[in-house]
Amino acid sequence: MYLLHLHLWFRIALGFTLCSRLTYHRMPNAVPVRQVSGLPRASFRSCLATDTLASSYALGATSCARDFHPLDHAHAGRTSNKDQTHMHLILCGSSYSMMKKIFEDNREPLFGRATTKIHLQPFAADKLISLVEQAPVKISNDDLLALYSITGGVALYVADFVDNGIFHKEQMFEWTVRPGSLFLSEGYDLLRLEVEAGQSTYISILRALAHGQTQAPRIADLIGVSPLNSYLERLELYGFIEKMRPILAKPNSRSVRWQICDPFLRFWFRYIEGNQDLIENGMSSVLVQDIAESYETFSGPMLERFFRQKLIRTGKYTTVGSWWKQKRGAQGDLNEIDLIAIGRDRKSAFVAEVKRQKKSFREGVFLDKVEHLKKSVLAGYDVQTAYLTLEDLRSPIL
């Protein structure tokens, strides 16, 4: 079976799936159903998309309850007998805050009722490789990287490309920003589901991150809002951004960078969010040209992230990350290593420089950095080194 279609049911609602045995096998003829209203529009994507589906509230009635009133008694009866029931209730949704509230807020009727929680994830790097190798046309490594950089492996987005015969990088650019594209409002929809107040500040933060800013003080100066702690913490809580430290750094290290977790959101806030007027006025071709001209620079961090995911999926490494340290007395000048993976034996390490093309490597500079690491954070480790490029995207890694 074509790999992508194993995930077609993900299109309904990616994110959190919760299963509970909550109802009796025998049900009365009249089944009262709670009214569900005011649900936000579903976004149908990974991790952050939609409130619980209305149909999920069609709970089977307890065998002895005349009505659902009072609700507390009806829910209590269902819970106390759930282990003897013969039905599973599955609730799907991907608004993090809503799903957390429904099942973890002790004031909610379904508090503590979930017996299983599944957090569905996008396709990993190795799965995307398997998928493109089954495509009806030849897909280059650059096309594969573009697929990852734009979709992040989210099944709905990947399926939108595949179902419409969009396999090449240039086609992806055009399809993503065309009028009527499902991608155009997706960033706003995802943010709106989790954040109500202060949306403009959150958008400004995400826009700055998408354009390459990684440090909170710099972002605060850029958008004119300080302090940013509460905004960053909330974006991190809901899975929009993540905090990064140099590999093997202490948890309280002040050497912190922020990045957008989701490759699609990084693409959306870089290219789509600020160019809606171009698209609405039929000037998508101008935006496509802008994407094409800046794509190599934009895709660099995505190439590093792809290799990190490939390494961790081998099962040989416990930690995969990068390392950086500012040179003494230098302003903005960094010693930096793109990729470091710590072996499961805690005695070996894999260190790599990542570039799109081999001609961009500076071997002497890289080896000097590795020697510095061997005398500091990787002292005592057996260190292997490598250069990784687009050519290695589908090749096995050590």
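Since the model is a prediction, treat every value here as computed from it, not as a measurement.

1. Things to note about the overall build of the protein chain
So, point 1. Scanning the protein chain for helices and strands turns up 14 helices and 9 strands.
So, point 2. Here the protein chain holds 398 residues, and the buried ones make up 47% of them.
So, point 3. Pairs at least 24 residues apart make up 70% of the contacts formed inside the protein chain by residues separated by at least 6 positions.

2. Quick notes on the nonpolar core
So, point 1. In terms of nonpolar packing, the biggest core is built from 79 residues, with Phe240, Ile241 and Phe350 touching the most fellow members.
So, point 2. With 10 residues, the single largest contributor to this core is helix 13 (residues 284-313).
So, point 3. Among the nonpolar cores identified, the runner-up in size contains 12 residues, and Ile340, Ala349, Phe366 and Leu373 belong to it.

3. Comments concerning unusual backbone geometry
So, point 1. The amide bond that connects Ser226 to the next residue, Pro227, takes the cis arrangement and shows omega of -5 degrees.
So, point 2. With respect to the helices, strands and loops of the structure, Pro227 is situated in the loop between helix 9 (216-223) and helix 10 (229-237).
So, point 3. We note that Leu248 has phi near 70 degrees; this positive angle belongs to a residue other than glycine.
So, point 4. Checked against the element boundaries, Leu248 lands in the loop between strand 4 (241-244) and strand 5 (257-260).
So, point 5. Positioned with a positive phi, Arg346 is a non-glycine residue whose angle comes to about 60 degrees.
So, point 6. The residue Arg346 is located in the loop between strand 7 (334-343) and strand 8 (348-354) in this model.

4. Digging into the environment of Glu170
So, point 1. When you line up the elements, Glu170 lands in helix 6 (residues 169-177).
So, point 2. Note on Glu170: relative accessible area 45%, which makes it partly exposed.
So, point 3. Sequence spacing of Glu170 and Ala146 is 24 residues, and the spatial spacing of their C-alpha atoms is 9.1 Å.

5. A few points about the side chain of Lys310
So, point 1. With respect to the helices and strands, the residue Lys310 is situated in helix 13.
So, point 2. Buried within the structure, Lys310 lacks any salt-bridge partner; its nearest side chain of opposite charge belongs to Asp392, at an N-O separation of 8.1 Å.
So, point 3. A polar contact is formed between the side chain of Lys310 and the backbone oxygen of Leu393, at a distance of 2.8 Å.
So, point 4. Discounting chain neighbours no more than four positions away, the residues touching Lys310 are Ala125, Ile129, Asp392, Leu393, Arg394, Ser395 and Ile397.

6. Observations concerning helix 6
So, point 1. Those residues of helix 6 that sit buried are Lys169, Met172, Phe173, Trp175, Thr176 and Val177.
So, point 2. Looking at the buried side of helix 6, the elements it contacts are helix 4 (141-151), helix 5 (155-163), helix 11 (263-272), helix 12 (276-280) and helix 13.

7. Some words on the packing of helix 4 against helix 11
When two helices pack together, their arrangement is given by the angle between the helix axes and the distance between those axes.
So, point 1. At a minimum axis separation of 5 Å, helix 4 and helix 11 run at an interaxial angle of 80 degrees. Compared by their axis directions, helix 4 and helix 11 come out roughly perpendicular. On helix 11, the residues that touch Tyr148, Ser149, Ile150 and Thr151 of helix 4 are Pro263, Phe264 and Phe267.
So, point 2. When the residues that make up the contact of helix 4 with helix 11 are grouped by side-chain class, the tally is 5 nonpolar, 2 polar and no charged.

8. Examining the packing of aromatic side chains
So, point 1. Counted by the stated rule, this structure contains 15 aromatic pairs.
So, point 2. Ring geometry for Phe267 versus Tyr271: centroids 5.2 Å apart, planes at 50 degrees, classification tilted. Taken together, the residues span about one helical turn, with Phe267 and Tyr271 both in helix 11 at a distance of 4 residues.
So, point 3. Judged by relative accessible area, Phe267 falls into the buried class, the value being 0%.
So, point 4. Taking relative accessible area as the criterion, Tyr271 reaches 0% and is therefore assigned buried.
So, point 5. Here the aromatic rings of Phe267 and Phe298 are separated by 6.0 Å at their centres, their planes lie at 75 degrees, and the arrangement is edge-to-face. A residue pair is termed long-range when its members are at least 10 positions apart, and Phe267 in helix 11 and Phe298 in helix 13 qualify at 31 residues. Of the two residues, Phe267 and Phe298, neither departs from the other in class, the shared state being buried.
So, point 6. One aromatic cluster in this structure is built from Tyr157, Phe161, Phe183 and Phe264.
So, point 7. The ring of Trp175 carries Arg178 above its face, with NZ or CZ at 3.6 Å from the centroid.
So, point 8. Over the ring of Phe298 we find Arg266; its NZ or CZ atom is 4.2 Å from the centre of that ring.

9. Re the packing of helix 11 against helix 13
So, point 1. Across the interface, helix 11 lies against helix 13 with an axial gap of 11 Å and an inter-helix angle of 145 degrees. The way helix 11 lies across helix 13 gives a crossing that is right-handed. Contact with helix 11, carried on its side by Pro263, Arg266, Phe267, Arg270 and Tyr271, involves Leu287, Asp290, Ile291, Ser294, Tyr295, Phe298, Pro301, Met302 and Arg305 of helix 13 and no other residues of that element.
So, point 2. Partitioned by chemical class, the residues of the contact of helix 11 with helix 13 number 9 nonpolar, 1 polar and 4 charged.

Rules behind the numbers
Residues numbered from 1 in each chain as written. Predicted model: local features only at pLDDT ≥ 70, side-chain atom pairs only at ≥ 80, totals over all residues. Heavy atoms only, no water. Helix = DSSP H or I, 4+ residues; strand = E, 2+ residues; numbered from the N terminus. Buried < 20%, exposed > 50% of the residue type's maximum accessible area, 1.4 Å probe, protein only. Contact = heavy atoms within 4.5 Å. Core = buried A, V, L, I, M, F, W, Y, C linked by side-chain atoms within 4.5 Å. Lys, Arg positive; Asp, Glu negative; His and termini not counted. Salt bridge = Lys/Arg side-chain N within 4 Å of Asp/Glu carboxyl O. Polar contact = N/O pair within 3.5 Å; in protein donor to acceptor, adjacent residues only side chain to side chain. Axes fitted to C-alpha atoms, helices over the stretch in contact; angles between N-to-C directions. Parallel < 35°, antiparallel > 145°, perpendicular 65-115°, else oblique. Nonpolar A, V, L, I, M, F, W, Y, C, P; charged D, E, K, R; others polar. Phe/Tyr/Trp six-rings, centres within 6.5 Å; stacked < 30°, edge-to-face > 60°. Lys NZ or Arg CZ within 6 Å of the ring centre and 35° of its normal. Left-handed = near helix turned anticlockwise from the far one by under 90°.

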